[in-house]
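Here is how the chains run, residue by residue.
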Amino acid sequence: MIDVRIQSADFDPGRQLKRLEELHSGAVASFTGAVSMGAEIEAVQVEHYAALAKTELARIAEEAQERFSLSGVILIHRYGSFKLGDRLLFAAAACADAGNAQHACSFLIDALRARAPFWRKDLTSGGAARWFK
Amino acid sequence: MIDVRIQSADFDPGRQLKRLEELHSGAVASFTGAVSMGAEIEAVQVEHYAALAKTELARIAEEAQERFSLSGVILIHRYGSFKLGDRLLFAAAACADAGNAQHACSFLIDALRARAPFWRKDLTSGGAARWFK
Amino acid sequence: MALGFLDILYFGSFREAFGRDCERVDPPSHVLTVADLIEWLAVQGEPYASVFGDRSRVRAAVEGVSAAPGDSVFGAREVALFPPGGVL
Amino acid sequence: MALGFLDILYFGSFREAFGRDCERVDPPSHVLTVADLIEWLAVQGEPYASVFGDRSRVRAAVEGVSAAPGDSVFGAREVALFPPGGVL
């Protein structure tokens, strides 16, 4: 099972975990990334390249599934406007092997960071805007 | 925040994730281990050494928090009787750094496997019983 | 042989630097790869020179598929150029 | 000097092999460490010899705290002996 979603709407990590648990593979590893405190960030804007995001995230999920023998992969990446605490992305993997589930989850996050065509702009409380990283 | 629980009751991974998300650290990594399909397992029994489990799991959580600068750690380990799909354990970490959250989660699982005083006995559909590993 | 018109899409800080999200260009016939295209754009004055000055900070996609510097743009109708992304 | 009575707790396959979850023993005075205790038990016939035959498969805790082979059992009232655990 592979499910890749690119959306502005929020999602429920618990519900996504449940979908993977229902595969009865044994191990489910997940990662949720959100807008964190600190650095005086008031708001975050994320733009994306929709056509490329779709193909690239699907590729990343397929690579992970093959490489780590996963029974399930879920990737969710949001775009739009965010504030403190808002979820930005979610990656999760189900596998018979506990180590593989975790390695897959790390692979998914590393791949998203390196290849996902999403650009984040932070708006500080001082009114300044700066591109992330 | 450190929360370590040793219980026979089930738990809700989504609810636990939410508790860590509310720390607004940015990254939350989790792992859920359950009784998986295959190997003709009909039921699983897990016994534990309560006094040692309490001290050892608390130590593991503290080590992870210190080593990976975590803002939150949750460890839940169940004992008792289980069937296919039942959750056995849960580990999750919240951190400002995405990589650290994931490394902490792997550390927690590796440490549980090496040090948690829980013993699992598998009862096969053929009526045989065997100690796990 | 000319490539003909090519739409270039910009994202992230590139979009901001150019003040637009796309432009139609007509590159000369020696522009055959992603690297050639960037090379050619970089000599079109500012803000091109600044934006494309550090080639290691330029990513590309051809017809919506991720592309390396050596990949062909010959016959392509749409090439996207953008900085490295990531929200974490 | 004798240690006096010592309660030994067994878990997992050890409990099953011994058919009980604890026993009270009175080890000789030369038993000062976890390793000494296992050594002494291993020569008490079967099933001790079999259960403790492979020392690398024996873990211990003294008074509810994880203990290494060299750790003292002197004065302890309770020592647990068990195989490696783990449910995954």
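Placed above this text is the structure.
Residues numbered from 1 in each chain as written. Chains lettered and ligands numbered in written order. Predicted model: local features only at pLDDT ≥ 70, side-chain atom pairs only at ≥ 80, totals over all residues. Heavy atoms only, no water.

Before going further, it helps to spend a moment on the packing of aromatic side chains. Considering all chains together, one arrives at 22 aromatic pairs over all chains under this definition. Note on Phe11 of chain C and Phe82 of chain C: the rings are 6.3 Å apart at their centroids and 70° apart in plane angle, and the pair reads as edge-to-face. Placement of Phe11 of chain C in the loop between β1 (6-10) and α1 (12-18) and of Phe82 of chain C in strand β5 (residues 78-82) is noted, with a sequence separation of 71 residues between them. Judged on exposure class, the residue Phe11 of chain C and its partner Phe82 of chain C are both buried. Above the ring of Phe132 of chain A, the side-chain terminus of Arg120 of chain A is found at 4.3 Å from the ring centroid. (Phe/Tyr/Trp six-rings, centres within 6.5 Å; stacked < 30°, edge-to-face > 60°. Helix = DSSP H or I, 4+ residues; strand = E, 2+ residues; numbered from the N terminus. Buried < 20%, exposed > 50% of the residue type's maximum accessible area, 1.4 Å probe, protein only. Lys NZ or Arg CZ within 6 Å of the ring centre and 35° of its normal.)

A few words on unusual backbone geometry. Leaving glycine aside, a negative phi is the common case for residues, and trans is the common case for peptide bonds. Note the cis peptide between Glu46 of chain C and Pro47 of chain C, where omega equals 0°. Topologically, Pro47 of chain C is positioned in the loop between α2 (34-42) and α3 (48-51). Despite not being glycine, Ser69 of chain A has its phi angle at roughly 50°, a positive value. Structurally, Ser69 of chain A is set in the loop between α2 (50-67) and β4 (72-78).

What follows covers the interface of chain A and chain B. Listed as interface residues are 28 residues of chain A and, on the opposing side, 28 residues of chain B. For the pair chain A and chain B, the summed buried surface comes to about 2200 Å²; carbon and sulfur atoms form 50% of the total. If you sort the residues of chain A by the area they bury against chain B, Glu21, His24 and Gln102 of chain A come out on top, with a joint share of 25%. At the surface where chain A touches chain B, the tally comes to 2 salt bridges. Residues Glu21 of chain B and Arg87 of chain A are paired through a salt bridge, measuring 2.7 Å at the closest nitrogen-oxygen approach. The tally of links between chain A and chain B comes to 9 residue pairs in polar contact (both at pLDDT 80 or more). Looking at the side of chain A that touches chain B, the elements with two or more residues in it are α1 (13-21), β2 (27-34) and α3 (98-115) of chain A. Here the residues of the side of chain A that touches chain B are counted per class, giving 13 nonpolar, 12 polar and 3 charged. (Contact = heavy atoms within 4.5 Å. Buried area = accessible area lost by both parts, 1.4 Å probe. Salt bridge = Lys/Arg side-chain N within 4 Å of Asp/Glu carboxyl O. Polar contact = N/O pair within 3.5 Å; in protein donor to acceptor, adjacent residues only side chain to side chain. Nonpolar A, V, L, I, M, F, W, Y, C, P; charged D, E, K, R; others polar.)

At their nearest, the axes of α3 of chain A and helix α3 (residues 98-115) of chain B sit 11 Å apart, and the two run at 175° to each other. Classed by the angle they form, the pair α3 of chain A and α3 of chain B counts as roughly antiparallel. When α3 of chain A is examined against α3 of chain B, the residues Ala98, Gly99, Gln102, Cys105, Ser106, Ile109 and Arg113 of chain A are found in contact with a partner set consisting of Ala98, Gly99, Gln102, Cys105, Ser106, Ile109 and Arg113 of chain B. In terms of residue class, the contact of α3 of chain A with α3 of chain B is built from 6 nonpolar, 6 polar and 2 charged. (Axes fitted to C-alpha atoms, helices over the stretch in contact; angles between N-to-C directions. Parallel < 35°, antiparallel > 145°, perpendicular 65-115°, else oblique.)

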